[in-house]
Amino acid sequence: MRLFDLNEAQERAVRSIAGPLLILAGAGTGKTRVITSRVAFLIAQGFDPGCILALTFTNKAAGEMRERLARMVDKEDAKRVTMSTFHALCVRLLRQHIDKLGYKNNFSIYDDSEQTGLLKKIIVRTAAKDEKLDAQIAKAFISKAKNSGRAFAENEETLVAAVFNRYQRQLKSLNAVDFDDLLLLAVQLLKEHPEARAHWQKKYRQIMVDEFQDTNRLQLDLVSLLADGERNVCVVGDDDQSIYGWRGAEASNILDFERHFPNPAIVKLEQNYRSTNVILGAANKLIRNNPRRHPKNLWSAGGEGEKVRAVQMPDDREEAKFVVEEIQRRQTVEGVPWEEFAVLYRMNAQSRLLEENLRRLRIPYRLVGGKSFYDRREIKDFLAYAACLLNPDDDISLLRIIQATPRGIGESTLDRALEFSVRAKSSLFRALNEPAFLDALPSRTAGRIKDFMALLDAYETRAAAPLTVFSTVMTDLMLESGFLDDLKRSCATPEEALNRETNVKQMIESLSRYEQRGNGGLQGFLDEVSLDRSREEKEEPGAGVTLITLHAAKGLEFRHVALVGLEEGILPHDRSKLEGSLDEERRLFYVGITRAMRTLLLTYCRGRVKFGGAAPCHPSSFLKEIAGDFVEMVSYEKLMSAPVPQESVKSRFAQLRAAVAKM
DNA sequence: AATCGTCTGCTTTTT
DNA sequence: GCAGACGATT
């Protein structure tokens with residue numbers, strides 16, 4: 001019996017359901033299909049859907065998987081399978097059991113900017129006059145330590161180590177955790193509390209992990225702890241697509257899989273359903289240069305295809321112009337919709353010239369990445385209000401909402417309150433309610449604090465009441481606190497005011513929808529928001545040409561891909577040489593190449609504007625590595641002298657012939 | 001206390 | 001070339 005229309009290797013992966021399984025899934029080899037089929041197979045084999053756990057890195061991936069599964073099995077069964085990101089799973093674990101670690105179950109989750117803000121404060125308090133420490137550096141240090149399993153610094157000889165320990169103590173007293181803590185504390189919980197461990201081990205009897213090459217030490221620990229019974233662990237990944245080493249991902253997790261889970265079944269998926277053989281040939285040729293990898297050779301039944309073109313351009317302006325015109329040409333000649341084109345680059349700064357050219361030719365495009373809706377001031381304020389209602393000890397959020405609206409509580413008062421709270425070892429909220437503190441203030445100021453505290457207290461009570469409709473509570477709070485009025489007042493233009501107000505209303509509507517959807521309450525809503533910044537951001541069809549970084553393009557595919565700036569110093573990036581991560585840069589290029597379904601265009605410049613001034617450029621050393629039969633090198637001069645339309649007519653012909661040949 | 005101006009220093013950023 | 005940070009100026 002053939003299963004769900006799978007190839008032989010895919011089917012072997014799906015049918016292997018006892019003990020550890022390593023699926024090495026090259027780019028475009030139908031990895032998601034295998035995972036979802038395997039879940040369906042497990043259910044068909046009698047496994048309770050509730051005992052199946054599938055872990056991903058992004059909410060998008062989890063969502064896609066859920067959708068596909070819903071089409072394959074009974075809807076109710078599909079709903080009972082846990083498909084979640086690592087972080088979301090950890091939140092679930094911790095909301096239930098974090099009290100065992102000395103936090104309260106209503107803990108706040110701090111995002112990047114709140115984390116940085118807190119660190120800045122701690123650095124100011126900790127550093128001596130002549131000492132300097134950048135909050136970003138401290139953050140990186142702390143994140144690295146946590147991701148390798150260290151919850152504190154053993155000795156405080158360096159400033160950054162002292163800051164680390166203070167930061168961690170401070171978070172705990174704020175009843176708050178950062179992103180890394182979610183993993184760290186979940187692991188700690190399972191390690192130190194056998195009854196909690198037993199509970200979760202019993203719940204999840206079949207565990208699958210997507211993008212395993214991107215897991216870090218903590219994520220591996222988490223999986224090991226959860227699976228440490230029946231050891232039914234299936235990991236899927238591609239060591240050649242490991243591009244997040246700089247964020248703590250350990251490619252060794254997949255390379256040395258058998259060390260962590262002895263005697264695994266191993267399945268390699270090498271048949272690619274995405275690209276032409278020319279594109280795969282170039283990709284294979286490139287990646288062979290990496291040491292230490294599971295050897296793989298991607299192939300496709302989809303024919304040879306057009307050669308990869310590598311084009312030299314005089315400078316970055318010409319490059320952007322050429323790439324955009326090339327897209328327009330193909331769109332016109334072949335009638336390919338805009339959304340089947342993508343331009344990939346190493347760093348966001350490279351998007352500017354491309355955007356300019358696309359706008360010039362009135363070509364629709366979407367820029368992936370950039371600042372999020374959730375980074376807007378008014379949205380952060382709104383979320384801080386919500387966080388305060390649930391966790392009054394969250395000083396950072398409380399400070400934020402006190403300062404969001406001028407209410408006669410100034411900086412010096414807050415400084416004194418903070419100082420008081422530190423001495424009394426209590427939270428800011430408690431200090432502001434403390435008669436011993438209030439009595440020492442001018443009566444006007446004390447009165448204002450009392451008023452605000454009374455307001456908050458009333459709303460906290462409302463929020464804690466059973467059957468509360470949080471969207472109503474928040475609407476009232478936004479009005480009564482004066483937040484909305486002040487938001488309008490503080491805007492420079494009426495348009496801006498309207499815009500910001502609309503944003504807040506959108507949040508309230510979104511909360512209201514969330515409440516109608518389920519019973520996660522305000523806490524659940526906040527969790528979802530902090531763990532999924534792209535939620536509700538619909539991918540509207542007809543959005544146009546995609547501009548995207550190589551990192552963000554992983555997991556996506558486009559019919560026609562242009563990869564720009566293939567120069568030494570950009571790809572590979574200069575910094576990678578210092579850090580010894582040339583292999584990772586090569587993988588990044590590999591990821592870029594394998595996004596292309598039909599055509600791939602590579603460009604590099606002889607010179608470009610760098611940091612304001614002109615700088616000479618040299619072709620990326622990776623270009624030499626793929627040079628050969630798959631790649632056609634085109635010089636700018638040749639391009640200008642040979643009329644382009646001829647070329648396109650010829651390739652159109654070749655395509656038609658290939659299409660006919662297939663039929 | 002706020003705002004303007006100059007100095008600096010440059011990736012990638014799933015959660 | 002441009003954003004973000006910090007410091008001097010009103």
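Scroll up to find the structure this text is about.
For the structure given in this document, a descriptive report is provided here.

The rules behind these values
Residues numbered from 1 in each chain as written. Chains lettered and ligands numbered in written order. Predicted model: local features only at pLDDT ≥ 70, side-chain atom pairs only at ≥ 80, totals over all residues. Heavy atoms only, no water. Patch = residues over 30% accessible without salt bridge, like charges linked within 9 Å, V, L, I, M, F, W, Y side chains within 5 Å. Areas by Shrake-Rupley, 256 points an atom, 1.4 Å probe, with all protein chains shown as cover. Salt bridge = Lys/Arg side-chain N within 4 Å of Asp/Glu carboxyl O. Lys, Arg positive; Asp, Glu negative; His and termini not counted. Charge placed at Lys NZ, Arg CZ, Asp CG, Glu CD. Helix = DSSP H or I, 4+ residues; strand = E, 2+ residues; numbered from the N terminus. Axes fitted to C-alpha atoms, helices over the stretch in contact; angles between N-to-C directions. Parallel < 35°, antiparallel > 145°, perpendicular 65-115°, else oblique. Left-handed = near helix turned anticlockwise from the far one by under 90°. Contact = heavy atoms within 4.5 Å. Nonpolar A, V, L, I, M, F, W, Y, C, P; charged D, E, K, R; others polar. Pairing = 2+ DSSP bridges. Buried < 20%, exposed > 50% of the residue type's maximum accessible area, 1.4 Å probe, protein only. Phe/Tyr/Trp six-rings, centres within 6.5 Å; stacked < 30°, edge-to-face > 60°. Lys NZ or Arg CZ within 6 Å of the ring centre and 35° of its normal. Expected span 1.5 Å × (residues − 1). Polar contact = N/O pair within 3.5 Å; in protein donor to acceptor, adjacent residues only side chain to side chain.

Bringing a positive patch on the surface into the picture now. On the surface, Lys 121, Arg 125, Arg 166 and Arg 169 cluster together to form a positively charged patch. Looking at the positive patch, the elements that each hand over two or more residues are helix H6 (112-126) and helix H8 (159-173). Positionally, Arg 125 belongs in helix H6.

Turning our attention to the packing of helix H23 (residues 470-480) against helix H25 (residues 494-517). The geometry of a pair of packed helices is captured by two quantities: the angle between their axes and the separation between those axes. Across the interface, H23 lies against H25 with an axial gap of 8 Å and an inter-helix angle of 160 degrees. The angle between H23 and H25 places the two elements in the roughly antiparallel class. Crossing of H23 against H25: the hand is right-handed. Facing Phe 470, Ser 471, Met 474, Thr 475 and Met 478 of H23, the residues of H25 in contact are Val 504, Ile 508, Leu 511, Ser 512 and Glu 515. Its residues assigned to classes, the contact of H23 with H25 comprises six nonpolar, three polar and one charged.

This part is about the sheet that holds strand S13 (residues 365-367). Pairing within the open sheet is parallel, and its seven strands lie in the order S13-S14-S12-S15-S16-S11-S19. Single-partner strands in this sheet number two, and they are S13 and strand S19 (631-634). For this sheet, the mean inter-axis angle between neighbouring strands, taken without regard to orientation, is 20 degrees. Bridge count between S13 and strand S14 (residues 545-549): three bridges; the pairing is parallel. By the bridge assignment for S14, Tyr 365 is matched with Val 545. Contacting strand S11 (308-313), strand S12 (341-345), S14, strand S15 (558-563) and strand S16 (596-605), helix H15 (residues 316-334) runs over the sheet at an angle of about 155 degrees to S16.

Here we take up unusual backbone geometry. Cis rather than trans, the peptide bond between Leu 571 and Pro 572 has omega equal to 5 degrees. On the secondary structure map, Pro 572 appears in the loop between S15 and helix H28 (574-579). Residues other than glycine seldom take positive phi values, yet Asn 175 does so here, at roughly 55 degrees. If you trace the backbone, Asn 175 turns up in the loop between H8 and strand S5 (176-178). The class of Asn 175 is buried, set by a relative accessible area of 2%. Backbone geometry places Arg 292, a non-glycine residue, at a positive phi of 50 degrees. Summarising the element assignment, Arg 292 is placed in the loop between helix H14 (277-287) and strand S10 (299-300).

Our next topic: the environment of Met 65. Locating Met 65 in the fold gives a position in helix H3 (residues 59-72). Put simply, Met 65 and Asp 486 are 421 residues apart on the chain and 43 Å apart in space, counted from C-alpha to C-alpha. Dropping the residues within four chain positions of it, Met 65 is found in contact with Thr 32, Ile 35, Thr 36, Thr 56, Met 83 and Asp 210.

Throughout the structure, instances matching the rule amount to eleven aromatic pairs. For the pair Tyr 385 and Phe 483, a centre-to-centre distance of 5.5 Å together with 65 degrees between the ring planes defines the contact as edge-to-face. In this pair, Tyr 385 is assigned in helix H17 (residues 377-390) and Phe 483 in helix H24 (residues 483-489), connecting sequence segments 98 residues apart. Overall, the relative accessible area of 0% leaves Tyr 385 in the buried class. Judged by relative accessible area, Phe 483 falls into the buried class, the value being 2%. Through a chain of ring-to-ring contacts, three or more aromatic side chains come together here, namely Phe 212, Phe 257 and Phe 261. The ring of Phe 107 carries Arg 95 above its face, with NZ or CZ at 3.9 Å from the centroid.

This brings us to helix H9 (residues 179-192). With 14 residues, H9 ought to run about 20 Å at 1.5 Å a step, and its terminal C-alpha atoms sit 20 Å apart, in line with that. Counting buried positions along H9 yields ten of 14 residues, so the element is predominantly enclosed. Along H9, the positions that sit buried rather than exposed are Asp 180, Asp 181, Leu 182, Leu 183, Leu 184, Leu 185, Ala 186, Val 187, Leu 189 and Leu 190. N-cap assignment for H9: the residue whose side-chain oxygen lies 3.1 Å from the backbone N of Asp 180 is Asp 178.

What follows covers the pattern of salt bridges. A full pass over the atoms with the stated rule returns 49 salt bridges. Across the salt bridge formed by Glu 325 and Lys 321, the nearest N and O atoms sit 3.8 Å from each other. Of this pair, Glu 325 and Lys 321 both sit in helix H15, separated by four residues, roughly a single helical turn. Exposure remark for Glu 325: the relative accessible area of 31% places this residue in the partly exposed category. Its salt-bridge partner being Arg 586, residue Asp 583 comes within 3.6 Å of it at the nearest N-O pair. Of the two residues, Asp 583 and Arg 586 both sit in helix H29 (residues 582-593), three residues apart, roughly one turn of that helix. Several salt bridges share partner residues, and in doing so they unite Lys 31, Asp 210, Glu 211, Asp 214 and Lys 554 into one network.

Strand pairing within a sheet occurs via backbone hydrogen bonds; the two strands may be parallel or antiparallel. Strands sit in the order S3-S2-S6-S7-S1-S8 across an open sheet of six strands; the sheet is parallel. Sheet topology places strand S3 (82-85) and strand S8 (265-269) at the edges, where each strand pairs with a single neighbour. Averaged over all adjacent pairs, the angle separating strand axes in this sheet is 15 degrees, with direction ignored. The strands touched by helix H2 (residues 31-44) are strand S1 (21-25), strand S2 (52-56), S3, strand S6 (206-209), strand S7 (233-237) and S8; relative to S6, the strand with the most contacts, the crossing angle is about 175 degrees. Relative to the sheet, helix H5 (residues 86-97) contacts S2, S3 and S6, its axis offset from that of S3 by approximately 105 degrees.

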